[in-house]
Number of protein chains: 2
Amino acid sequence: MKIVTQADIARRLGCSQQAVGFALNNYRNSKVSLRPEKRQLILETATKLGYVPNRAARRLTRARFRKPVNEMDLVGLIYFGSADVDLDPVCIAMMSGAEHELSKFHASLTFVRAGESSDWEKVERLERAGSVDGWLLVGPVTDEVVDHLKPGKLPFVILGDHRCTQPVHAVNVDHMAAGRLAVQHLASLGHRRIACLGTGMQYLYQRQTLEGFRSAIKEFGLDDDERLLGDCSTWKNVVGKDIMDWLREPDPRPTAVFFSEPGMAFELCQILKDLGLEVPGEISVLGFGSPFPGAKRGNITYIELPMNEVGCQGALLLQRIAAALPHSFGTQVEPGLDSRMGFSEIKISPSLIEGRSTQSRQNDESKN
Amino acid sequence: MKIVTQADIARRLGCSQQAVGFALNNYRNSKVSLRPEKRQLILETATKLGYVPNRAARRLTRARFRKPVNEMDLVGLIYFGSADVDLDPVCIAMMSGAEHELSKFHASLTFVRAGESSDWEKVERLERAGSVDGWLLVGPVTDEVVDHLKPGKLPFVILGDHRCTQPVHAVNVDHMAAGRLAVQHLASLGHRRIACLGTGMQYLYQRQTLEGFRSAIKEFGLDDDERLLGDCSTWKNVVGKDIMDWLREPDPRPTAVFFSEPGMAFELCQILKDLGLEVPGEISVLGFGSPFPGAKRGNITYIELPMNEVGCQGALLLQRIAAALPHSFGTQVEPGLDSRMGFSEIKISPSLIEGRSTQSRQNDESKN
DNA sequence: CTGAAAGCGCTTACAG
DNA sequence: CTGAAAGCGCTTACAG
């Protein structure tokens, strides 16, 4: 594969190499001007010859002018997690989304796994080798991690749940909204007694989901009964046992259950069936999460957590931060996005995917 | 972060920049020679100042001499799979292994998702931008994919199962050996009637596993009974139903079941329990796969498919192929690894992780 | 407005 | 043996 250069195009058209570079890149501070037709001709020739800017050369030139990156072409995704545990599918979904978004502006994503502290060397090497323009962080990111990254001066954005107390750029799913959406949907179907079954309050997302759930219950004036909030953290071991006990407890029984833990609603439906409860006839089930095994299989209504979208937005935010860094020349800095810029905490709204597990009886019959 | 260059080191020591480059890289054809002490001094200074070779500059220099890569620093992993399906954990495990191995020689891995044909543009752009040194391919790789990649002249290695008919460099788990290992382990525990439960013969790995299983059954002179080979492709819908029927069918009943599909042995144990069969008292269970949810939870003996290792070995193979490409100068080419080199099909052996689901009764009691 | 030049950091070829 | 130079492809500053 022959590498096509700006010089090749210039030779071909009998113009200067600089004119080609200018036509292709629109150097912001260049005093060069080109007639539109000529510009057009250059662009056409470039595509015809299959010109792709050489990343290495660009990078090297950047180094010369000690100019911070304003168009990233390589973003590193640091995955924090021990090497002997399988990669979290949620993190992988975010990675996938980020790659998709980056590819739109011809940037790519480098995967870096950081399991132990010695892996910081990898990260630092990439920074020193000048081959990465910014970082996306996924996993249990702590203040310590952030402090480690700051001296490198590269922009970074945290994707998903994290454990930082200092202000950072971050993108995550709006878990409060998810809890609220669950209630809102079930309430709109006429339910007034809605149960919420989770696996504890250990993680922030669990507390946030529950908070959203409870505030919506109050807001809509539904049954605010403590006994409707269940915990099934042990269900993995004793399949169904504790859940059955809990389901028998509240009187009257709820007409709908929101299962606020990703991906287990399918099993819940089985258990309800075993208990002799018809879904959705006697009890509606609303699931939660993405990726969600069994959602299609069981045709379950669920709240989708768009983790791909978190990755996409993270990549975009990183791009924005980079574009806002001060340039070496006098271009106007995008207002509010330079060093005085506040840190962005972007929240992505969940959406609801309708299945049959929340259909009212009439609808169910009319469709059969 | 200040970038430290060879020139910085040279200035500091009052020697030539070329001497520094030579000390650090051992340019193979250079006529330069250095006194060991001087060399040592340079290396020490380099580490003290935190010197890391600038990738972009290296790449650019490579372009000058039109020399094929012999030390890769950026490998692209192309993941073939539709964008709306979650990433396969098996592929992700291979990616993780590859990244780990690459990081050992200071190379990194770029993730490229190719779901539709338009994504070829991404791949080609990376090649034309000169920013990738080789490819690792995961997913349903076909001859068509390979043909698409060949003109780029970059070395590539396929990881895991694929659908190519032409000779390629590939690394995969040895599924035949997995089937054999299952029988061997159970036979060594005294079992003579071993069942094998899978989910069909659709995929090559399924046929291979079964082939290994059957050949070992014959080899060890165990019960070679067709009825011991079960299929539960429908079990996802009708939990347990068909499997129960099948388990009742052979008479006498098997004393052990090898579940030849990744990751469902835990559920199988539940079903056996429901059937009133004690594990491992009345029937032993041997699982299969990696990642394997529930293996630890259920303390199940299983055959581990080391997908990480597949990734590692793939990265190493790619490195070897690159190193064997002809150089522009007269260095000896590693024998048998240049263009006349055969294509490598590396098979990684699975290993067995012992749990309690295959313990004999005596052992079980003695441990309680 | 256009063209020639400088130089990023590196590896190699060439001259003393 | 050592040193100065060439040049990869690009972006920017400088001169006509």
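Coordinates for the structure precede this section.
Residues numbered from 1 in each chain as written. Chains lettered and ligands numbered in written order. Predicted model: local features only at pLDDT ≥ 70, side-chain atom pairs only at ≥ 80, totals over all residues. Heavy atoms only, no water.

Draft legend 1. Molecular detail of the packing of helix H5 (residues 89-104) of chain B against helix H12 (residues 307-324) of chain B. All names here are of chain B. Two elements in contact, H5 and H12, have axes separated by 6 Å at closest approach and are oriented at 45 degrees. When the interaxial angle is binned, H5 and H12 end up oblique. At the point where H5 passes H12, the crossing takes the right-handed sense. Contacts between H5 and H12 involve Val90, Ala93, Met94, Ser96, Gly97, Ala98, Glu101 and Leu102 from the former and Met307, Asn308, Val310, Gly311, Cys312, Ala315 and Leu316 from the latter. When its residues are assigned to classes, the contact of H5 with H12 shows 10 nonpolar, 4 polar and 1 charged. (Axes fitted to C-alpha atoms, helices over the stretch in contact; angles between N-to-C directions. Helix = DSSP H or I, 4+ residues; strand = E, 2+ residues; numbered from the N terminus. Parallel < 35°, antiparallel > 145°, perpendicular 65-115°, else oblique. Left-handed = near helix turned anticlockwise from the far one by under 90°. Contact = heavy atoms within 4.5 Å. Nonpolar A, V, L, I, M, F, W, Y, C, P; charged D, E, K, R; others polar.)

Draft legend 2. Inspection of the packing of aromatic side chains at higher detail. If you walk through the whole model with that rule in mind, you get 10 aromatic pairs over all chains. Taking the centre distance of 6.0 Å and the plane angle of 50 degrees together, the rings of Phe80(B) and Trp120(B) count as tilted. Linking Phe80(B) in strand E1 (residues 74-80) with Trp120(B) in helix H6 (residues 120-128), this pair joins segments that are 40 residues apart in sequence. Per residue, the accessibility class of Phe80(B) equals that of Trp120(B), and both read buried. Taking the centre distance of 6.1 Å and the plane angle of 15 degrees together, the rings of Phe213(B) and Phe258(B) count as stacked. Taken together, the positions of Phe213(B) in helix H9 (residues 204-219) and Phe258(B) in strand E8 (residues 256-259) put the pair 45 residues apart, joining distant regions of the chain. An aromatic cluster of three or more residues is present, and its members are Phe213(A), Phe258(A) and Phe288(A). (Phe/Tyr/Trp six-rings, centres within 6.5 Å; stacked < 30°, edge-to-face > 60°. Buried < 20%, exposed > 50% of the residue type's maximum accessible area, 1.4 Å probe, protein only.)

Draft legend 3. Seen up close, the sheet that holds strand E6 (residues 194-198) of chain A. Residue and element names in this part refer to chain A. Ordered in space as E7-E6-E8-E9-E10-E12, the 6 strands form an open sheet in which the pairing is mixed. Each end of this open sheet is capped by a strand with a single partner; those strands are strand E7 (229-231) and strand E12 (351-353). Averaged over all neighbouring strand pairs, the angle between strand axes comes to 20 degrees, with direction disregarded. With 4 bridges joining them, E6 and strand E8 (residues 256-259) adopt parallel strand pairing. Residue pairing for E8: Ala195 is matched across the bridge by Val257. Against the sheet, helix H9 (residues 204-219) touches E6, E7, E8 and strand E9 (284-288), its axis set at about 170 degrees to E6. (Pairing = 2+ DSSP bridges.)

Draft legend 4. Structural view of the interface of chain B and chain A. In this complex, chain B contributes 46 residues to the contact, which on the side of chain A involves 46 residues. Across the chain B to chain A interface the summed buried area is about 4200 Å²; carbon plus sulfur atoms make up 61%. Our enumeration of links across chain B and chain A arrives at 2 salt bridges. One salt bridge connects Glu99(B) with Lys122(A), and the closest N-O pair in it is separated by 2.8 Å. In this structure, the connection of chain B to chain A is made through 13 residue pairs in polar contact (both at pLDDT 80 or more). Counting only elements with at least two residues in the side of chain B that touches chain A, the list comes to helix H4 (55-64), H5, strand E2 (108-114) and H6 of chain B. Ranked by residue count, the leading element in the side of chain B that touches chain A is E2(B), at 6 residues. (Buried area = accessible area lost by both parts, 1.4 Å probe. Salt bridge = Lys/Arg side-chain N within 4 Å of Asp/Glu carboxyl O. Polar contact = N/O pair within 3.5 Å; in protein donor to acceptor, adjacent residues only side chain to side chain.)

Draft legend 5. Up close: unusual backbone geometry. Residue and element names in this part refer to chain B. One non-glycine residue, His106, lies in the positive phi region at around 60 degrees. As for its position among the elements, His106 is in the loop between H5 and E2. Its relative accessible area of 38% is what places His106 among the partly exposed residues. Even without a glycine there, the phi angle at Lys153 is positive, about 65 degrees. As for its position among the elements, Lys153 is in the loop between helix H7 (143-149) and strand E4 (156-159).

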